[in-house]
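# Examination of the molecular architecture
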Amino acid sequence: MASILTMSAGFFCSSTEELKQFSRESHFYSAAGADTRKRRSSALVVVRAEAINPEIRKSEEKVVDSVVVTELSKPVTAYCRCWRSGTFPLCDGGHVKHNKATGDNVGPLLLKKQ
């Protein structure tokens, strides 16, 4: 099962325990009079190598859907659905590494010009 990421003040936590720890640390810094503005400007993102597609069309090697759209500038545009792309929201093939690491079968959403 995929991790559920929770956001608190710009920080992402993948578990209740991480969220509690973050909350304790933030309150400590605030109570100590520390300047927390700089701390809040960055984000903590925890990504675990777990399948993100637990049940959709698992019999297929890779789940890829296509949508035909009349007003597109390119013949085909691939959008990321695995959240691993360095060019998000566009797909850069990051799902290939993710699928090998987790046994998942997620793939991009393809928008095709009609």
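Everything discussed here concerns the structure shown above.
Residues numbered from 1 in each chain as written. Predicted model: local features only at pLDDT ≥ 70, side-chain atom pairs only at ≥ 80, totals over all residues. Heavy atoms only, no water.

## Points about the side chain of His-98
Under the convention used in this document: Under the DSSP-based scheme used, a helix requires at least four consecutive residues in state H or I and a strand at least two consecutive residues in state E, with every element numbered from the N terminus. The contact definition used throughout considers only heavy atoms, calling two residues in contact when any of these lie within 4.5 Å.
Topologically, His-98 is positioned in helix α3 (residues 94–102). Leave out the neighbours within four places in its chain, and His-98 touches Glu-50, Ala-51, Ile-52, Arg-84, Gly-103, Asp-104 and Val-106.

## Notes on the packing of aromatic side chains
Note on aromatic pairs: each is described by the distance of the centres and the angle between the planes. Inclusion rule: We call Phe, Tyr and Trp rings a pair once their centres come within 6.5 Å, taking the six-membered ring for Trp, and we label the pair stacked below 30 degrees between planes, edge-to-face above 60, and tilted otherwise. Between buried and exposed lies partly exposed: a residue is buried under 20% and exposed over 50% of the maximum accessible area for its type, with that area taken using a 1.4 Å probe on protein chains only.
Under the definition given, this model contains one aromatic pair. Ring geometry for Trp-83 and Phe-88: centres 4.7 Å apart, planes at 20 degrees, overall stacked. Here Trp-83 falls in the exposed class, since its relative accessible area comes to 65%. The class of Phe-88 is partly exposed, set by a relative accessible area of 40%.

## Thoughts on the environment of Ala-49
By secondary structure assignment, the location of Ala-49 is in the loop between α2 (37–41) and β3 (63–69). Separated by 49 residues in sequence, Ala-49 and His-98 have C-alpha atoms that sit 7.2 Å apart.

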